[in-house]
Amino acid sequence: MASHFRSYIWDPVLIVSQIVLMQCIYYSFLGLWLAGVDSLVPTSRSLDQIFNYELLGFASMQGRLSMMAFILNSLTCALGLWFFIRRGKQCLDFTVTVHFFHMICCWIYNAHLPAALSWWLVNVACMALMAVIGEYLCMRTELRAIPVNSGPKSNL
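The following paragraphs examine the structure supplied in this document. (Residues numbered from 1 in each chain as written. Predicted model: local features only at pLDDT ≥ 70, side-chain atom pairs only at ≥ 80, totals over all residues. Heavy atoms only, no water.)

1. Remarks on the overall build of the chain
Looking only at helices and strands, the chain features 5 helices and 0 strands. Starting at the N terminus and ending at the C terminus, the chain contains elements arranged as α-α-α-α-α. Going through the 156 residues of the chain one by one, you find that 35% of them count as buried. In the chain, 73% of the contacts between residues at least 6 apart in sequence involve partners at least 24 apart. Looking at the chain as shown, the accessible area adds up to about 10200 Å², and 70% of this sits on carbon and sulfur atoms. (Helix = DSSP H or I, 4+ residues; strand = E, 2+ residues; numbered from the N terminus. Buried < 20%, exposed > 50% of the residue type's maximum accessible area, 1.4 Å probe, protein only. Contact = heavy atoms within 4.5 Å. Areas by Shrake-Rupley, 256 points an atom, 1.4 Å probe, with all protein chains shown as cover.)

2. A look at the packing of helix 1 (residues 12-38) against helix 3 (residues 61-85)
Contact geometry of helix 1 with helix 3 gives a least axis separation of 8 Å together with a crossing angle of 145°. In this structure, the crossing between helix 1 and helix 3 has a hand that is right-handed. Residues of the contact of helix 1 with helix 3, tallied by class, amount to 18 nonpolar, 5 polar and no charged. (Axes fitted to C-alpha atoms, helices over the stretch in contact; angles between N-to-C directions. Left-handed = near helix turned anticlockwise from the far one by under 90°. Nonpolar A, V, L, I, M, F, W, Y, C, P; charged D, E, K, R; others polar.)

3. A closer look at the nonpolar core
Judged by nonpolar contacts, the single largest core of 29 residues is most densely connected at Met22, Tyr26, Phe70, Leu81 and Trp119. For this core, the secondary structure elements donating two or more residues are helix 1, helix 2 (48-51), helix 3, helix 4 (88-110) and helix 5 (117-142). Ignoring sequence-local partners within four residues, the contact set of Phe70 consists of Tyr26, Leu30, Gln49, Ile50, Leu56, His102, Val122 and Cys126. (Core = buried A, V, L, I, M, F, W, Y, C linked by side-chain atoms within 4.5 Å.)

4. Observations regarding the state of the cysteines
Scanning the model with the defined rule gives 0 disulfides in all. No disulfide involves Cys106; its sulfur sits 7.0 Å from the nearest other cysteine sulfur, which is in Cys105. The exposure class of Cys106 is buried, given its relative accessible area of 0%. Not engaged in a disulfide, the cysteine Cys126 finds its nearest cysteine sulfur in Cys77; these two sulfurs lie 9.0 Å apart. Relative accessible area serves as the criterion here: at 2%, Cys126 is assigned to the buried category. (Disulfide = S-S within 2.5 Å.)

5. Looking at helix 3
The end-to-end C-alpha distance of helix 3 is 35 Å, a good match for the 36 Å that 25 residues give at a rise of 1.5 Å each. Positive backbone phi, at 65°, marks Arg86, one or two positions downstream of helix 3. (Expected span 1.5 Å × (residues − 1).)

6. Side note on the packing of aromatic side chains
Inspection of the entire model under this criterion finds 6 aromatic pairs. Summarising the aromatic geometry, the rings of Tyr27 and Phe51 are spaced 5.6 Å apart at their centres and angled 50° between planes, so their arrangement reads as tilted. Taken together, the positions of Tyr27 in helix 1 and Phe51 in helix 2 put the pair 24 residues apart, joining distant regions of the chain. Seen in terms of ring centroids, Phe51 and Tyr109 are 5.5 Å apart; in terms of plane orientation they differ by 35°. Their pairing is tilted. A residue pair is termed long-range when its members are at least 10 positions apart, and Phe51 in helix 2 and Tyr109 in helix 4 qualify at 58 residues. (Phe/Tyr/Trp six-rings, centres within 6.5 Å; stacked < 30°, edge-to-face > 60°.)

7. Overview of unusual backbone geometry
A negative phi holds for most residues other than glycine; trans holds for most peptide bonds. For Arg86, which is not glycine, the phi torsion reads 65° and is therefore positive. Position of Arg86 relative to the elements: it lies in the loop between helix 3 and helix 4. The phi torsion at Ala111 lies on the positive side, around 70°, for a residue other than glycine. Within the element layout of this structure, Ala111 appears in the loop between helix 4 and helix 5. Overall, Ala111 belongs to the exposed group, its relative accessible area being 66%.

8. What about the pattern of salt bridges?
Summed over all chains, the structure comprises 2 salt bridges. Here Asp38 makes a salt bridge to Arg45, at a shortest N to O gap of 3.8 Å. Its relative accessible area of 7% is what places Asp38 among the buried residues. For Arg45, a relative accessible area of 56% gives the class exposed. Arg87 is paired through a salt bridge with Glu142; the nearest N and O atoms lie 3.4 Å apart. (Salt bridge = Lys/Arg side-chain N within 4 Å of Asp/Glu carboxyl O.)

The structure is reproduced here in structure tokens:
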């Protein structure tokens, strides 16, 4: 059998573990970002900030700060894609998967599908940022020049 450059075999355990890891990164760093922006304004900390779609909005200061935390979280998750996924072709897949599971969690938490336009806009913007920055970082790493041994050449 000839070896193929970057040939990958189907590994469902690796894929599921990467999905779980990205979901953990998403929620843990979102919690940290929310705690950081909550320190700017006195607000009550609860799971509503993560899962309640009605809190994300332009009308209140808490809504704008929560939106800022979601956007900063997409940058952090792009770094997670770069460190743990490492393939530019898979960044969009993992980004959509993370946000799909977040939508499912919000659906379960609120007992109905999110209906606020601001929630959809923030999540689409976060998806775009996370995917584009993650792909950029991964592609930059993938396209790095391969060092060639520049030692002394033998004269044949």
